[in-house]
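Observations on chain architecture
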Amino acid sequence: MTTQVISTIAQAEAGTSLAADYIRKGELVAFPTETVYGLGANGLHEAAVQKIFEVKGRPDDNPLILHLSKKSEVRDLWDTVPRQAQPLMDNFWPGPLTLVFRRSARVPDAVTAGLPTVALRMPQNKTARALIAKAGVPIAAPSANLSGRPSPTKAEHVREDFDGLIPLILDGGLCRVGVESTVLSLVGKPTILRPGGITREMLEAVIGPVALAESVLAPLPDGQAALSPGMKHKHYAPAGRVRVVTGAPEKAAARILALARQAEVEGLSCHIAATTQTKARYRGWPHTLVGDRDRPETLCANLFALLRETEADLILAEGIPPADAGLAYMNRLLRAAGFDVEEV
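Residues numbered from 1 in each chain as written. Predicted model: local features only at pLDDT ≥ 70, side-chain atom pairs only at ≥ 80, totals over all residues. Heavy atoms only, no water.

**Focus: the overall build of the protein chain**
Helices and strands together make up the secondary structure of the protein chain, namely eleven helices and 16 strands. In terms of C-alpha radius of gyration, the protein chain reaches 20 Å, essentially the compact-globule figure of 20 Å for 344 residues. Overall size of the protein chain, expressed as C-alpha extent along the three principal axes, is 55 × 50 × 35 Å. When the accessible surface of the protein chain is summed, it comes to about 13,600 Å², and 50% of that surface belongs to carbon and sulfur atoms. (Helix = DSSP H or I, 4+ residues; strand = E, 2+ residues; numbered from the N terminus. Rg over C-alpha atoms; globule rule 2.2 N^0.38 Å. Areas by Shrake-Rupley, 256 points an atom, 1.4 Å probe, with all protein chains shown as cover.)

Next up, the structure:
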């Protein structure tokens, strides 16, 4: 199979029309969103959805998100619309917020991994919404990467994993948010299953107290079902090993330098994920500025590109406080490291 790449900046209408045709025919298409690139299929077609799992090598107990072009489409996909949903949709849709509630009979089992709930999102990205509207069906789409790999924030990341495996990639440039959507369950007490660009603080300003699932900053217990994508123990992993050091910036940087020297002695290549506050400490060592500790959304925007594009045996990264967007950053970083974390 030849994989065609179409720029949605230069050929938006032609690209989304062709992609919608593929979706209607039961094929897979990669497309941009504001969070990461998605690997999409007709979300109401069981066989098409199964192709996502096959191509990604994704475990079949890992549920998918259905992407919508209009808020009104939730009525066909949930059994009822919970009372908290409307103010959340009014404030955050379109945008990087996924809402989970009890599914309707229209939703295939493959989408939900057999769970009684389904996750719905209305993306902010205009290309994504145009594609969904033209396809005329909800689009089931996890991130467009091989299972376990860092999520793609550029079209070339998608091509690395799926060239020759899918017919079309829509290239919309760099994704703005850089981490997957916040997933909020509305079954019982509102609970964040996966943090993202819409923070706990933002949600609580609209609907009041919001709980955090225990697995947000810890491994999912053995045998427990994943209620959301991204809850598995090891995820977002690069080719090399990742180790996280948490603590005050100066102490964390000092420990990272000690670990880098140790790696050098052991003959391992090492790369440091630096922040604005500590980058000067790493002069003379291979490092990349990921973002500003005081603006964790900048760290989120650059993390997956760092993990994908860095060729090293060991990546050393500073942990930050898990507040606001820092919660989403630490959720992804800890999973990329397989929870190999040291506090200083």
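**Observations concerning the pairing of strand 8 (residues 168-171)**
Looking along a regular strand, one sees the side chains alternate between the two faces of the sheet. In terms of strand pairing, strand 1 (residues 4-7) meets strand 8 through four bridges, oriented parallel. Paired with isoleucine 6 across the strands is leucine 170, a residue of strand 8. Pairing between strand 2 (residues 29-31) and strand 8: two bridges, direction parallel. Bridge pairing in strand 8 links valine 29 to leucine 168. (Pairing = 2+ DSSP bridges.)

**Observations regarding the pairing of strand 12 (residues 241-246)**
Sheet topology note: the strand 12/strand 15 (residues 314-318) ladder contains five bridges and is parallel. Note that in strand 15 the partner of valine 244 across the bridge is alanine 317.

**Considerations on the packing of aromatic side chains**
What the rule picks out here adds up to two aromatic pairs. Considering the side-chain rings of tryptophan 78 and phenylalanine 101, the 6.0 Å spacing of their centres and the 75 degrees angle between planes classify their relative orientation as edge-to-face. One end of the pair, tryptophan 78, is in the loop between helix 3 (74-77) and helix 4 (85-92); the other, phenylalanine 101, is in strand 5 (residues 97-102), and 23 residues separate them in sequence. (Phe/Tyr/Trp six-rings, centres within 6.5 Å; stacked < 30°, edge-to-face > 60°.)

**Observations concerning the sheet that holds strand 16 (residues 341-343)**
Taken together, five strands build an open sheet; the order of strands is 14-13-15-12-16 and the sheet is parallel. The open sheet has two edge strands, strand 14 (287-291) and strand 16, and neither has a second partner. The average undirected angle you get between the axes of adjacent strands in this sheet is 25 degrees. As paired elements, strand 13 (residues 270-275) and strand 15 share four bridges and run parallel to each other. Within strand 15, the residue paired with histidine 271 across the bridge is isoleucine 315. Packed on one face of the sheet, helix 10 (residues 296-309) meets strand 12, strand 13, strand 14 and strand 15 and runs near 145 degrees to strand 14. (Axes fitted to C-alpha atoms, helices over the stretch in contact; angles between N-to-C directions. Contact = heavy atoms within 4.5 Å.)

**Here we look at the nonpolar core**
The nonpolar side chains of a soluble globular protein tend to be buried, and buried together. Within the largest apolar cluster, 43 residues are counted, with the highest numbers of intra-cluster contacts made by Trp93, Leu97, Leu99, Leu120, Leu184 and Leu203. Setting aside its immediate chain neighbours within four residues, leucine 99 contacts Trp78, Ala85, Leu88, Met89, Trp93, Val118, Ala119, Leu120, Leu184 and Leu186. If you look at the next biggest cluster of nonpolar residues, it comprises 25 residues, including Ala273, Ala317, Ala328 and Ala337. (Core = buried A, V, L, I, M, F, W, Y, C linked by side-chain atoms within 4.5 Å. Buried < 20%, exposed > 50% of the residue type's maximum accessible area, 1.4 Å probe, protein only.)

**Quick notes on the packing of helix 7 (residues 155-162) against helix 10**
At a closest axis distance of 11 Å, the pairing of helix 7 and helix 10 adopts a crossing angle of 40 degrees. Regarding the angle of helix 7 to helix 10, the classification is oblique. In the packing of helix 7 onto helix 10, the handedness of the crossing is left-handed. Between helix 7 and helix 10, the residues in contact are His157, Glu160 and Asp161 and Ala305, Arg308 and Glu309, respectively. For the contact of helix 7 with helix 10, the class distribution of residues is one nonpolar, one polar and four charged. (Parallel < 35°, antiparallel > 145°, perpendicular 65-115°, else oblique. Left-handed = near helix turned anticlockwise from the far one by under 90°. Nonpolar A, V, L, I, M, F, W, Y, C, P; charged D, E, K, R; others polar.)

**Re helix 7**
Listed in full, the buried residues belonging to helix 7 are Ala155, His157, Val158, Asp161 and Phe162. Angular distribution of buried residues about the axis of helix 7 spans 155 degrees; they occupy a single face of the element. Lining the buried residues of helix 7 we find strand 2, strand 3 (38-42), helix 2 (46-56), strand 8 and helix 10. (Arc of directions from axis to C-beta.)

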